Every structure is written in C-alpha cells, then in structure tokens.
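# Coordinates in review
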Amino acid sequence: MKTKRKKVDYSKWGYIFILPFFISFFIFSLIPLVDTVRYSFFEYYRSGIKEIGPNFVGMANYASLLKSDMLKYGANTLILWIIGFIPQIVIALVLAEWFVDARLKIRGTQFFKVVIYLPNLIMASAFAMLFFTMFSTNGPVNSILMSIGIIGQPIDFLGTAFGTRSLVGFMNFLMWFGNSTIMLMAAIMGISPDIFEASDLDGCNSFQRFFYITLPQIRPILAYTLITAIIGGLQMFDVPQILTNGQGTPDRTSMTLIMFLNSHLKSRNYGMAGALSVYLFIVSGILCFIVYRMTNNDDPDGSKAAAKKARKQQRKQQRRG
C-alpha cells in the first residue's frame, strides 16, 4: 500500500518572520500614537515641581491652540518648505533626466551621483552649524565679499527674516535634492526603452519627451517623493532650531510647528503637545491625500473620461428632445 506523504505547510513561517515588525510597531508606534491622542483631551502639565492633571478638558486644548500663534508658525513652516522644495524637485527632475538620457553621453555620471548625494549623509546639526559659522557677521562669506569690494560692511544674514528663511530653505535643498534625484533616476530607468525609441522615430523633441512620456510614466514615484517631502517639511525642526538657537529669530519668523511642539514638550505640557500633534497628523493626511489625487491617474487610456463625456452629451440631447 502506498502511504500518503505528509504535506508540509510553510505558510506559518511567513507570519513568524513578519511578527517582529508588528510587535515593534505595536510597542513603539501604535501605543504612543493612541496615548498622544488620549492626552490631547486632558489638562496635563507641570508647574514647577507640582504636576497638574491629568484632568479631562475635552476640546479645550484644541481651542487654545487655534487662539495661539500656531497658524503663524504653520505659515512659517509652509514658507520654509516651499523655499527649499521647489528648487529641489525642479533640479532633481532635470538632473535625473540628464543622467539617464543616453543621447547626451554624459561622462562620469557615477561620480556626480556620489557628489550630489553626499550632503544627504551629513547630519543636519553639523550642516546648520557650518552655515551659522559661514554666514555670521564675522564669518568667511562676509569676509570674502568685503575683501573683493562687493560690500562695504558685513551683512547680517541671520538678522532678517528673508536672510534666515533663505538659509534654511537653501540648506534643506542641499540636503535632500540628491536623494530626490536618485529616486527619480530609478523611476526613469524603469521606463521601457522601446517607448523612448518610438518617440525618437516619431520626431519628439526633448520637451515633448519629458512632459508627455517621462512625467506620466514616473507619476507613482513622483507622488511618493512629493508626499515624503510634505511630511518632512511639516516635521522641519533641526535646521531652524540650531541656526536660530531655538528662538526662531528674527521675531519668530523662522519658528516651525515642530519647534512650537518641542517648546510644549520641554515644559512638559503633554496635553497641548498631544493636541498639536493631532493637528499635524490631520494636516499631513489632508495634504498627502490632495497630492495623491493630483498625481494618481485612474484613467490612463482616457476611456472613463470619454464615457463620461458621452453620457453628458446624451443627457443634453434627451433634454432637447
């Protein structure tokens, strides 16, 4: 008689291997997240050595934040992010297209990839200290400009809102445009070469090739880059914190939302900090959803749009009839 071979089920090993991730996520992410939302509805802070709360206050923390300078700090964060992000994404797209385009025959592309990615490896704190030293009134930038006769007296770069914001945006651009370039290069390299060859045979120029072929094809990676940039921009902290010594000078025009959150955490006002964190979570979710809808194309062949247009025309004819 033939004995039945025992079937070995290996599916359980998959669950065992991913179990450490879920355990770590539950302990270090999910529980703190739920705790943050819970504390946002409580009055919980320290006054000297006395601990107040936790006392349930409902939406009072959220209302207090709307009456504070939170919206002003949100506008500061948006301005600082735009200053650094717009040149970052534009230059990253241009460099990615250049490095991948075989027709240009650029030599030493591996060297340039390493060079543009190097600022991303430098700690933000070290980067901020470097720029603080370079652009101070007695720093080398002012010394060079005065020695060659461009300026007669030192420029106080950190004493004006325009100067401070420009430096923060420039530092964020330098630190992240290399990472964006590498991501977009990988996306462009994933496009089938046959599509580019067909476009060359059809007589497409460089602009038509970029806007009608490259951009639509890399839309998923571009959406990922935009979403991560938005989240990183809302969490901007270390560069303006170190550059302005945590004061957001001048006149708190470079104070970001996370710097504002850190001030509550430093004073151990956990209720207000939790409410601000929830606000940040909601704003991040809304902005990421908007970007996803703008960059996600659920009708690549235009069939849905054509059917919708046909239905509208049919309804118009029925009304006229």
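Throughout what follows, the structure given in this document is the object of discussion. (Residues numbered from 1 in each chain as written. Predicted model: local features only at pLDDT ≥ 70, side-chain atom pairs only at ≥ 80, totals over all residues. Heavy atoms only, no water.)

## Overview of the overall build of the protein chain
- On a plain count of helices and strands, the protein chain comes out with 14 helices and two strands.
- Taken over the C-alpha trace, the protein chain has a radius of gyration of 27 Å; the compact-globule value for 321 residues is 20 Å, which it surpasses by more than 25%.
- If you line up the protein chain on its principal axes, its C-alpha atoms span 75 × 75 × 70 Å.
- The 321 residues of the protein chain split such that 33% are buried.
- Long-range pairs, those at least 24 residues apart, make up 66% of the contacts in the protein chain between residues at least 6 apart in sequence.
- Each charge sign in the protein chain was given a centre, from 31 positive and 17 negative side chains, and these centres are 9 Å apart. (Helix = DSSP H or I, 4+ residues; strand = E, 2+ residues; numbered from the N terminus. Rg over C-alpha atoms; globule rule 2.2 N^0.38 Å. Buried < 20%, exposed > 50% of the residue type's maximum accessible area, 1.4 Å probe, protein only. Contact = heavy atoms within 4.5 Å. Lys, Arg positive; Asp, Glu negative; His and termini not counted. Charge placed at Lys NZ, Arg CZ, Asp CG, Glu CD.)

## Section: the environment of Phe 281
- As for its placement among the helices and strands, Phe 281 is situated in helix H13 (residues 270-295).
- With a relative accessible area of 59%, Phe 281 lands in the exposed category.
- For the pair Phe 281 and Ile 231, spaced 50 residues apart in sequence, the C-alpha separation works out to 9.4 Å.

## Topic: the pattern of salt bridges
- According to the stated counting rule, one finds three salt bridges in the structure shown.
- The salt bridge involving Arg 209 is made with Asp 101; its shortest N-O contact spans 3.8 Å. On the criterion of sequence distance, the pair formed by Arg 209 in helix H9 (residues 206-217) and Asp 101 in the loop between helix H3 (70-100) and helix H4 (109-121) is long-range, its members being 108 residues apart.
- Residue classification places Asp 101 among the buried positions, given a relative accessible area of 10%.
- The partner of Arg 209 in a salt bridge is Asp 200, with the nearest N and O atoms 3.8 Å apart.
- Arg 209 gets classed as buried once you look at its relative accessible area, which sits at 7%.
- On the basis of relative accessible area, Asp 200 is assigned to the partly exposed category, the value being 36%. (Salt bridge = Lys/Arg side-chain N within 4 Å of Asp/Glu carboxyl O.)

## A closer look at a positive patch on the surface
- A cluster of basic residues, Lys 308, Arg 311, Lys 312, Arg 315, Lys 316, Arg 319 and Arg 320, forms a positive patch at the surface.
- Looking at the element boundaries, Arg 319 is found in helix H14 (residues 303-320).
- Overall, Arg 319 belongs to the exposed group, its relative accessible area being 73%. (Patch = residues over 30% accessible without salt bridge, like charges linked within 9 Å, V, L, I, M, F, W, Y side chains within 5 Å. Areas by Shrake-Rupley, 256 points an atom, 1.4 Å probe, with all protein chains shown as cover.)

## Overview of helix H10 (residues 219-234)
- End to end, H10 covers 22 Å across 16 residues, agreeing with the expected 22 Å (1.5 Å per residue, within 8%).
- Taken as a whole, H10 has its buried residues at Leu 222, Ala 223, Thr 225, Leu 226, Ile 227, Ala 229, Ile 230, Gly 233 and Leu 234.
- For H10, the elements touching its buried residues are H3, helix H7 (161-189), H9, helix H12 (257-266) and H13. (Expected span 1.5 Å × (residues − 1).)

## Quick look at the packing of H9 against H10
- Here H9 crosses H10 at 65 degrees, and the two axes come no closer than 5 Å. The angle between H9 and H10 places the two elements in the roughly perpendicular class. Counting all contacts with H9, which are made through Leu 215, Pro 216 and Gln 217, the residues of H10 involved are Arg 219, Pro 220 and Leu 222.
- For the contact of H9 with H10, the class distribution of residues is four nonpolar, one polar and one charged. (Axes fitted to C-alpha atoms, helices over the stretch in contact; angles between N-to-C directions. Parallel < 35°, antiparallel > 145°, perpendicular 65-115°, else oblique. Nonpolar A, V, L, I, M, F, W, Y, C, P; charged D, E, K, R; others polar.)

## Quick notes on the side chain of Thr 256
- Note that Thr 256 resides in the loop between helix H11 (238-243) and H12.
- A residue is classified by how much of its surface remains accessible, and Thr 256, at 0% relative accessible area, is buried.
- There is a polar contact of 2.8 Å between the side chain of Thr 256 and the backbone oxygen of Met 236.
- Each residue touching Thr 256, except ones within four places of it in the same chain, is listed here: Tyr 73, Thr 77, Leu 80, Met 236, Phe 237 and Pro 240. (Polar contact = N/O pair within 3.5 Å; in protein donor to acceptor, adjacent residues only side chain to side chain.)

## Brief notes about the pairing of strand S1 (residues 42-47)
- Both S1 and strand S2 (residues 50-56) contribute to a ladder of five bridges, which runs antiparallel. In the sheet register, Ser 47 faces S2, and the bridge partner there is Lys 50.
- Here S1 hands over to S2 after two residues, with Gly 48 in that stretch at a positive phi of 70 degrees. (Pairing = 2+ DSSP bridges.)

Function cannot be read off these values alone, since they describe shape.
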